[in-house]
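These are the residues of each chain, in order.
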Amino acid sequence: MTVVAVTDLHKHYGPVRAVDGLTFAIGAGEVYALLGSNGAGKSTAVEILEGHRTATSGTVEVLGVDPAHAGRDFRDRIGIVLQSSGVESEFTVREVIELYGGCYRNPRPLDQVVALVGLEEKVDARVGSLSGGQRRRVDLALGIVGRPELLFLDEPTTGFDPSARRRSWDLIESLGDDGTTVLLTTHYLDEAEHLADRVGVLSRGQLIAEGSPGELINQVSGTMVSFMLPDSVHPDAAAATFGELLGVDIRLSGRLVEANIEQPTAAVHRITGWAIESGVELDSLSVSRVSLEEVYLSLTDSDVANDGEAAP
Amino acid sequence: MNAFPSAVRQLAAQTRYQIVTFVRIPVAVFFTLGLPLVMLVLFNALFGNNTFETEDGGQMSAQQFYTGGLAAFTAVSATFTNLANMVPIRRDEGVLKRWRGTPLPMWIYLGGFIISAVLIALVGVVLMLTLGVVVYDLQIEAAKMPAAIVTFLIGVGSFAALGMALAAVVKSASSASAAANAIILPMAFVSNIFIQVDDAPTWITTLGNIFPLKHFAEAFQDCFTPSVPAPAFNWPSLAFIAAWGVLGIVIAMRFFTFEPSGSAPRGRRSRRSAVAATTD
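Here goes a summary of the coordinates provided.

Conventions used here
- Residues numbered from 1 in each chain as written.
- Chains lettered and ligands numbered in written order.
- Predicted model: local features only at pLDDT ≥ 70, side-chain atom pairs only at ≥ 80, totals over all residues.
- Helix = DSSP H or I, 4+ residues; strand = E, 2+ residues; numbered from the N terminus.
- Buried ≥ 20, exposed ≤ 12 C-beta atoms within 10 Å, placed from the backbone.
- Contact = placed C-beta atoms within 7 Å.
- Pairing = 2+ DSSP bridges.
- Axes fitted to C-alpha atoms, helices over the stretch in contact; angles between N-to-C directions.
- Expected span 1.5 Å × (residues − 1).
- Arc of directions from axis to C-beta.
- Nonpolar A, V, L, I, M, F, W, Y, C, P; charged D, E, K, R; others polar.

Considering the overall build of chain A
Then, in step 1: Assigned secondary structure in chain A consists of 11 helices and 13 strands.
Then, in step 2: The principal-axis extents of the C-alpha atoms in chain A amount to approximately 70 × 50 × 35 Å.
Then, in step 3: Looking at chain A residue by residue over its 312 residues, the buried ones come to 39%.
Then, in step 4: For chain A, the share of sequence-separated contacts (at least 6 apart) that also reach a separation of at least 24 residues comes to 69%.

What follows is the structure, encoded as structure tokens:
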């Protein structure tokens, strides 16, 4: 069963095309991640699906209805966790969960909600006194209090510390296991890789790739070799020095040298041989399988490059 | 599948929630309910022995003048000023948008806001009148109470509508708060709330006559002025206030938005910059 069906969706603001021909579908019980950088059109697309914005053109069907004209029955079946939406800071966690829960047909009991989001110890604290991460968990609580069939999570873990992030992931996974369909937007690749059954990579308002994280990774072959730039090599000379040794173009981010190599064994041999001869240490040397990040960067790089060629 | 909670129950829950919010914001309680009482005490201490002439040539003591006028001012603070402050704050926080994503109909959310403001206005007016009766010899005549109640309801209804209209037109919370105060304080001076100016310049009198506050204050004062015969309905003023209220409703319904002012102009801003780019 299809829960979300989007066909050739457009949202234009004057000449700016925030969403530019987006097509995708989400099946029941799936966790789908829309992955893209800031400004790729993720939030705009999701807000159209939630009914907060209207589309310029295209068809959108969510739970069998057009969200732009859907009523409270539709909103009873969805849960929304917006990117930055406040909660009444004068109220306690208990009060807001009861208040918001009170407008659904079949709300989750308070105890269950606070246990799911891990706010048991803060249930009688005012929302205004909570930390940023705890408030985000209140957001999550209000998103799930109505037992949604479809949950929208717009960048749910932005600003979280690593342990809070892990806990949120566990929660989202358990919701997915319960059969809740989840549409997640994120710019964290590890989040998409960890949580999503399928990932749609969004760039300039269009999907440029789609598939399970494994499928996407398989599209890019090779092995990642990375290490810290030694002090003896000037950053300007890094591309020439290591490009020649590794036989491919390298990427330098800060002091991190990265290269995607088809036959890593010989390349690693050459570079370690060079290091020993030169008497330098290659800090943080690592050889690993490509990650979703590689896939993402290769996709968006070629997208940007194509765009650059097209420009006059 | 359970049914949705009834509209009445939800409206009651929303009203209660807005009142609890108000009570938990001490600065709102002080400015809405406390400050007018302080003004009543101060003005009476300063000018309490004067008498004023009413429009129809009758006499009105300063005590009656201030109690009735400041009661009307309290009602306006609780509705117009309060809504024009709080609604844009909730909008900028994203709270309005969050509610719009729930099954709660937005008219119930905003209805709870408005009803709570009217109830706070009622508390403020009752406090003011009680202080007036106990300390300042205010006369409450049963025959004029229907007029007082009708005047109160038309006044708070209209000023609530105008508060929502301001919240609809001025998008950001900080601007809306500034606009509400910039409107209401000068308005109170030209509307004979703080001072009764017998020989005011014509433009001040005209300004006061154009806007609804002076009419509301006078209609309310009439209900507590012994020289005005019962039942003391001031129909022309009431009609004038109601007309402003209708204007407020029209503006509010036409321009009200739920998106935070920081994110709503995202499209608008890019449109503007796009326009700037094409005109460059």
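So, the sheet that holds strand β10 (residues 223-228) of chain A
Pairing between the strands of a sheet is mediated by backbone hydrogen bonds and can be parallel or antiparallel.
All names here are of chain A.
Then, in step 1: Taken in spatial order, the four strands make up an open sheet running β11-β12-β10-β13, and their pairing is antiparallel. The open sheet has two free edges, formed respectively by β11 (251-253) and β13 (286-289), since each of these has just one partner strand. The mean inter-strand angle of the sheet, taken between neighbouring strand axes irrespective of direction, is 25°.
Then, in step 2: Pairing analysis gives six bridges linking β10 to strand β12 (residues 256-261), with the strands arranged antiparallel. Looking across to β12, one finds that T223 is bridged to I261.
Then, in step 3: Where helix α9 (residues 235-246) meets the sheet, its contacts fall on β10, β11 and β12, and the angle it forms with β12 comes to roughly 30°.
Then, in step 4: Packed onto the sheet, helix α10 (residues 264-278) meets β10, β12 and β13 and runs at close to 15° relative to β10.

With respect to helix α10 (residues 235-255) of chain B
Residues and elements named next belong to chain B.
Then, in step 1: Given a rise of 1.5 Å per residue, 21 residues ought to cover 30 Å, and the 30 Å separating the end C-alpha atoms of α10 matches this to within 8%.
Then, in step 2: S237, L238, F240, I241, W244, G245, G248 and A252 are the residues of α10 that are buried. Viewed along the axis of α10, the buried residues span an arc of 160°, placing them on a single side of the element. Every exposed residue of α10 that faces more than 90 degrees away from the buried side is listed here: W235, P236, A239, A243, V246, V250, M253 and R254.
Then, in step 3: Those residues of α10 that are buried lie in contact with α6 (145-169) and α9 (212-222).

Considerations on the sheet that holds strand β4 (residues 57-62) of chain A
All names here are of chain A.
Then, in step 1: The strand order β2-β1-β4 describes an open sheet built from three strands, whose pairing is antiparallel. At either margin of the open sheet sits one strand with a lone partner, and together these are β2 (16-27) and β4. When strand polarity is set aside, the average angle formed by the axes of neighbouring strands in this sheet is 15°.
Then, in step 2: As judged from the five bridges shared by strand β1 (residues 2-13) and β4, these two strands associate in the antiparallel manner. Bridge pairing links V6 to V60 in β4.
Then, in step 3: Of the strands in this sheet, β1, β2 and β4 are in contact with helix α1 (residues 42-50), which crosses β1 at around 120°.

Some thoughts on the interface of chain A and chain B
You'll often see interface size given as the accessible area lost when the parts meet.
Then, in step 1: Each partner contributes residues to the interface: chain A has 23 residues there, and chain B has 25 residues.
Then, in step 2: Of all elements in the fold, only α2 (72-77) and α3 (93-101) of chain A reach the threshold of two or more residues within the side of chain A that touches chain B.
Then, in step 3: For the side of chain A that touches chain B, the element with the most residues is α2 of chain A, which contributes three residues.
Then, in step 4: Its residues assigned to classes, the side of chain A that touches chain B comprises nine nonpolar, seven polar and seven charged.

Distances and angles like these do not, on their own, reveal function.
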